Amino acid sequence: FFKQKTAYEIYQCDWSSDVCSSDLCTVERDGVTTRAATSPDVVLLDEMQYDLGDGPCLAELRTTDVCVIDDLTEDAPWPRWAARTADLTGVRSYMGFRLYVDHTNLGALNLYSRTPYAFTEDDRLDGLVIAAHAAVGLSAAATRDQMHTALRSRQQIGEATGILRERYQLTSARSEEHTSELQSH
């Protein structure tokens, strides 16, 4: 999906606040996964959320477009995650954006700052624009990956059909029927 470069490009945007790190997380079948991060601290923060089963990426950003926590030591709705975050990394402010296309929740863009009350209204507006672009890119990458998987599967089916035709002297229609029967098991 996204490469590390994407997280760094977002991190280097002209934020009016003191952004110390950023990451992109995606919603997968088996949970949320960190796809790109600007520092090991951010990966640690995400893993804490996954381990605790609580935090902005797992709770707030499933239903809210923007989540801002001005000071993790004062007003965080996830006290265990917030306290550990501030203690271990010095991060005090959080701003996250839900990434979605056509009502499909794809993941989150997360920004962190070591300064309390770091994020401004301009940062929120800029973040919404960046998140929209990231969501479109993420959706396109997922579609491309699905297309590649489908093409590989089609190629394997074609090869299996050819082997059946050659080995058992079957017609194309009969070998395709046999391949379909095998796939359903």
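In this text, all values refer to a predicted model and were calculated from it rather than measured experimentally.

K.L.:
Explain the pattern of salt bridges to me, please; I cannot follow it from the model alone.
P.N.:
Close approach of charged atoms allows side chains of opposite charge to pair. Counted according to the given criterion, the structure contains 5 salt bridges. The residue arginine 92 makes a salt bridge to aspartate 71 at a minimum N-O spacing of 2.8 Å. Here arginine 92 is found in the loop between α3 (79–89) and β4 (93–101), whereas its partner aspartate 71 is found in the loop between β3 (66–69) and α3, with 21 residues between them in sequence. What makes arginine 92 partly exposed here is its relative accessible area of 24%. With its nearest N and O atoms 3.5 Å apart, the salt bridge here joins glutamate 121 to arginine 124. Separated by 3 residues within a single helix, glutamate 121 and arginine 124 lie in helix α4 (residues 121–168), roughly one turn from each other. Overall, arginine 124 belongs to the partly exposed group, its relative accessible area being 21%. One salt-bridge network, held together by shared partners, links Asp70, Glu121 and Arg124.

K.L.:
Would you explain α3 in this entry?
P.N.:
Owing to its 3.6 residues per turn, the α-helix brings residues three or four apart onto one side. Here α3 has its buried residues at Trp81, Ala82, Thr85, Ala86 and Thr89. Looking straight down α3, one finds that the buried residues subtend no more than 125° of arc, so they occupy a single side. Structural note: α3 exposes Pro79, Asp87 and Leu88 on the side pointing more than 90 degrees away from its buried face. One or two residues past the end of α3 sits glycine 90, with phi positive at roughly 80°.

K.L.:
Looking at this structure, I do not really get unusual backbone geometry. What am I missing?
P.N.:
For residues besides glycine, phi is generally negative; the peptide bonds are generally trans as well. Phi at tyrosine 117 is positive, roughly 55°, even though this residue is not glycine. Topologically, tyrosine 117 is positioned in the loop between β5 (104–113) and α4.

K.L.:
Sorry if this is basic, but what is going on with the side chain of serine 93 here?
P.N.:
Mapped onto the secondary structure, serine 93 falls in strand β4. Polar contacts involving the side chain of serine 93 include one to the main-chain carbonyl oxygen of threonine 115, which spans 2.6 Å. A distance of 3.1 Å separates a polar side-chain atom of serine 93 from the backbone nitrogen of tyrosine 117. Setting aside chain neighbours within four positions, we find serine 93 in contact with Ile69, Asp70, Leu72, Leu111, Tyr112, Ser113, Thr115, Pro116, Tyr117, Ala118 and Phe119.

K.L.:
It is not clear to me how the packing of helix α2 (residues 40–52) against α3 should be interpreted in this structure. Could you clarify?
P.N.:
The relative placement of two packed helices comes down to the angle between their axes together with the axis-to-axis distance. It is the contact of α2 with α3, at a shortest axis distance of 10 Å, that shows an interaxial angle of 155°. The angle between α2 and α3 places the two elements in the roughly antiparallel class. Judged by the sense of rotation from one axis to the other, the crossing of α2 with α3 is right-handed. Contact residues: α2 offers Asp41, Leu44, Leu45, Met48, Gln49 and Leu52, while α3 offers Arg80, Trp81, Arg84, Thr85, Leu88 and Thr89. Within the contact of α2 with α3, the residues separate by chemical class into 6 nonpolar, 3 polar and 3 charged.

Here is what the cut-offs are and how they apply
Residues numbered from 1 in each chain as written. Predicted model: local features only at pLDDT ≥ 70, side-chain atom pairs only at ≥ 80, totals over all residues. Heavy atoms only, no water. Salt bridge = Lys/Arg side-chain N within 4 Å of Asp/Glu carboxyl O. Helix = DSSP H or I, 4+ residues; strand = E, 2+ residues; numbered from the N terminus. Buried < 20%, exposed > 50% of the residue type's maximum accessible area, 1.4 Å probe, protein only. Arc of directions from axis to C-beta. Polar contact = N/O pair within 3.5 Å; in protein donor to acceptor, adjacent residues only side chain to side chain. Contact = heavy atoms within 4.5 Å. Axes fitted to C-alpha atoms, helices over the stretch in contact; angles between N-to-C directions. Parallel < 35°, antiparallel > 145°, perpendicular 65-115°, else oblique. Left-handed = near helix turned anticlockwise from the far one by under 90°. Nonpolar A, V, L, I, M, F, W, Y, C, P; charged D, E, K, R; others polar.

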